[in-house]
Amino acid sequence: MALTEKQKRFLRQQAHHRKVIVIIGQHGITDNVISEIDIALQHHELVKVRVNTSDRDIRHGLIEQIAQRTRSDVIQKIGHLGVFYRPAKKPKITLPDI
């Protein structure tokens, strides 16, 4: 199910006060990093990830790669942060109706 703009806006509001869960550093995206993000998505559904690279194109590519490998939706890309959402089997976040 694709998220509507209303749902994405709601999720951006929810993510605003959350802390960064995972930081992607000099080693880039490794299997261990993907595993940590996957575990965080299982527990929190909505996570912030910091990608520490100065090149914007590389940063956006890494964010898209994370979303693809974790089967999550990119809710927001701002600066060095990416916000990802994947509903849990027992959802904790109730999305607004379409």
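Note: the structure precedes this text.
Here the structure is a predicted model, which means the values were calculated and not measured.

What counts and how
- Residues numbered from 1 in each chain as written.
- Predicted model: local features only at pLDDT ≥ 70, side-chain atom pairs only at ≥ 80, totals over all residues.
- Heavy atoms only, no water.
- Helix = DSSP H or I, 4+ residues; strand = E, 2+ residues; numbered from the N terminus.
- Rg over C-alpha atoms; globule rule 2.2 N^0.38 Å.
- Buried < 20%, exposed > 50% of the residue type's maximum accessible area, 1.4 Å probe, protein only.
- Contact = heavy atoms within 4.5 Å.
- Arc of directions from axis to C-beta.
- Axes fitted to C-alpha atoms, helices over the stretch in contact; angles between N-to-C directions.
- Parallel < 35°, antiparallel > 145°, perpendicular 65-115°, else oblique.
- Left-handed = near helix turned anticlockwise from the far one by under 90°.
- Nonpolar A, V, L, I, M, F, W, Y, C, P; charged D, E, K, R; others polar.
- Expected span 1.5 Å × (residues − 1).

Novice: Please explain the overall build of the chain as it appears in this structure.
Specialist: When its secondary structure is counted, the chain shows three helices and four strands. Rg of the C-alpha trace for the chain: 13 Å, near the compact-globule value of 13 Å for 98 residues, within the 12% margin. Counting across all 98 residues of the chain, residues that qualify as buried make up 41%. Residue pairs at least 24 apart in sequence account for 67% of intrachain contacts in the chain once pairs closer than 6 positions are excluded.

Novice: Teacher, can you tell me more about helix H1 (residues 5-15) here?
Specialist: Each α-helix winds once per 3.6 residues, and so residues spaced three or four apart point in a common direction. Every buried residue of H1 is listed here: Gln7, Leu11 and Ala15. The buried residues of H1 all sit within an arc of 75 degrees when viewed along its axis, so they share a single face. Exposed residues lying more than 90 degrees from the buried face of H1 are Glu5 and Gln13.

Novice: I keep staring at the packing of helix H2 (residues 31-44) against helix H3 (residues 56-70) and nothing clicks. Help me out?
Specialist: In a pair of packed helices, the angle between the axes and the distance between the axes together describe the arrangement. At their nearest, the axes of H2 and H3 sit 10 Å apart, and the two run at 65 degrees to each other. When the axis of H2 is compared with that of H3, the two are roughly perpendicular. Note on packing geometry: the crossing formed by H2 with H3 is right-handed. On H3, the residues touching Asp31, Ile34, Ile37, Asp38 and Leu41 of H2 are Ile66, Arg69 and Thr70. The residue inventory of the contact of H2 with H3, partitioned by class, reads four nonpolar, one polar and three charged.

Novice: I keep staring at H2 and nothing clicks. Help me out?
Specialist: Taking 1.5 Å of rise per residue, 14 residues should cover 20 Å, and H2 covers 20 Å from first to last C-alpha, within 8% of that figure. At its buried positions, H2 is contacted by strand E1 (20-24), strand E2 (46-51), H3 and strand E4 (81-85). Glu45, located one to two residues past H2, shows a positive phi value of around 70 degrees.

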